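Per-entry structural report
Below are the chains, spelled out letter by letter.
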Amino acid sequence: MPLVSNSLSLEETQKSICFKNTPMLEKVAVYLRSRVLPDSSPGCSNLMKFFHCIPSLQELEIRGSLWEYLTVGGLPHNPPTALNNVKSLKMADMSFGDLKEVSVAVYLITSCPKLQQLTIKCESVNNVVEAVVQFLQDQTCSGGVVKLLQSVEMSHFTGTKMEMQFVRFILASAPLLKEIFIWNFSYILQSGRQMINEMKQYRRASPYVEFKFEAVEVE
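Residues numbered from 1 in each chain as written. Predicted model: local features only at pLDDT ≥ 70, side-chain atom pairs only at ≥ 80, totals over all residues. Heavy atoms only, no water.

If you check an unreviewed UniProt entry, the protein appears there as F-box/FBD/LRR-repeat protein At1g13570 from Nicotiana tabacum.

See the structure below:
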């Protein structure tokens, strides 16, 4: 039976999720709490399965183990058509220390041609993962474009090498970007002024970017 509502929020303990008969669904927020089991059908992309039946999607929020689920089966060469109208993308619990999860995040960002707002809640990573840094450097140099992106907000930002390289990638890829808002904790790896000064040295596709920074005191 087709879903009548145009909005859906799920907090599930299931190990997989699939939409069916949801042609009018515009807003989707999914928090998958269970660990994902090994895929029993190699070569079948979970990312394609997840987005197969939500052609009207405009707002997407991904949390929890859904990141792990979406990495299974690899990234399809042709992005799902369900991403064609996404304007707002919210990402939480994605680890900047996990190459597969970062790859999915970049894939989603660059596969949403109408994306305007990007919100990320960073997950704490203690060690530098050079494979992630190299991947983001490659993406920065590839010349990909996030054409309509205007606003980026990153919370729980600690200034790791991976996070800074991700900002570099965004700045180089978004010609209409107007604002990057970053807030972090007081025990960050470097001061907020240092981070902003470094970011301002990065190559920018948009000449109109405004950097906003807010430090959060931790008692």
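Right, let's talk about the overall build of the protein for a bit. Tallying secondary structure elements over the protein gives six helices and eight strands in all. Listing the helices and strands of the protein from first to last along the sequence gives β-β-α-β-α-β-α-β-α-β-α-β-α-β. Of all 219 residues assigned to the protein, the portion counted as buried reaches 44%. Carbon and sulfur atoms make up 49% of the accessible area of the protein, which amounts to about 11,300 Å² in all. (Helix = DSSP H or I, 4+ residues; strand = E, 2+ residues; numbered from the N terminus. Buried < 20%, exposed > 50% of the residue type's maximum accessible area, 1.4 Å probe, protein only. Areas by Shrake-Rupley, 256 points an atom, 1.4 Å probe, with all protein chains shown as cover.)

A few words on the nonpolar core. Ranked by size, the top nonpolar core spans 61 residues in total, and within it Phe-51, Phe-96, Leu-118, Met-154, Phe-166 and Met-199 carry the most contacts. Leaving out residues up to four positions away in the same chain, Phe-51 has contacts with Leu-57, Leu-60, Pro-80, Ala-82, Leu-83 and Leu-108. (Core = buried A, V, L, I, M, F, W, Y, C linked by side-chain atoms within 4.5 Å. Contact = heavy atoms within 4.5 Å.)

This next bit is on the pattern of salt bridges. As enumerated under the stated definition, the model contains two salt bridges in all. Glu-130 serves as the salt-bridge partner of Lys-161, at 3.5 Å between the closest nitrogen and oxygen. Separated by 31 residues along the polypeptide, Lys-161 in helix 5 (residues 161–173) and Glu-130 in helix 4 (residues 130–141) bring together distant segments of the chain. Under the relative-accessibility criterion, Glu-130 is labelled partly exposed at 48%. In this structure, Glu-179 and Lys-212 form a salt bridge, with 3.0 Å as the shortest nitrogen-oxygen distance. Here Glu-179, found in strand 7 (residues 179–185), pairs with Lys-212, found in strand 8 (residues 210–216); they are 33 residues apart in sequence, far enough to count as distant. Lys-212 sits in the partly exposed class, given a relative accessible area of 34%. (Salt bridge = Lys/Arg side-chain N within 4 Å of Asp/Glu carboxyl O.)

We now examine helix 4. Because each turn of an α-helix spans 3.6 residues, side chains separated by three or four positions end up pointing in the same direction. Under the 1.5 Å per step criterion, the end-to-end length of helix 4 is 16 Å for twelve residues, consistent within 8% with the ideal 16 Å. Where helix 4 is concerned, the buried positions are Val-132, Val-133, Phe-135, Leu-136 and Thr-140. Viewed end-on, helix 4 has its buried residues packed into an arc of 165 degrees, placing them on one side of the element. Next to the buried residues of helix 4 lie helix 3 (99–110) and helix 5. (Expected span 1.5 Å × (residues − 1). Arc of directions from axis to C-beta.)

Two aromatic rings, taken as a pair, are described by how far apart their centres are and by the angle between their planes. In the structure shown here, the tally under the stated rule is three aromatic pairs. Each ring, one from Phe-50 and one from Phe-51, has its centre 4.8 Å from the other, and the planes form 80 degrees; the classification is edge-to-face. We note that Phe-50, like Phe-51, is buried. An angle of 55 degrees between the planes, with centres 6.0 Å apart, marks the rings of Phe-166 and Phe-169 as tilted. Within this pair, Phe-166 and its partner Phe-169 are both found in helix 5, separated by three residues, close to a single helical turn. Phe-166 gets classed as buried once you look at its relative accessible area, which sits at 0%. Residue Phe-169 is classed as buried on the basis of its relative accessible area, which comes to 2%. One aromatic cluster in this structure is built from Phe-96, Phe-166 and Phe-169. Geometry around Tyr-31 places Arg-63 over its ring, the cationic atom sitting 4.2 Å from the centre. (Phe/Tyr/Trp six-rings, centres within 6.5 Å; stacked < 30°, edge-to-face > 60°. Lys NZ or Arg CZ within 6 Å of the ring centre and 35° of its normal.)

Sheet analysis places strand 5 (residues 117–123) next to strand 6 (residues 151–157), joined by five bridges and oriented parallel. When the bridges of strand 6 are listed, Gln-117 appears paired with Ser-151. Crossover handedness for the path strand 5 to helix 4 to strand 6: right-handed. (Pairing = 2+ DSSP bridges. Right-handed = clockwise from strand over helix to strand, strands pointing away.)

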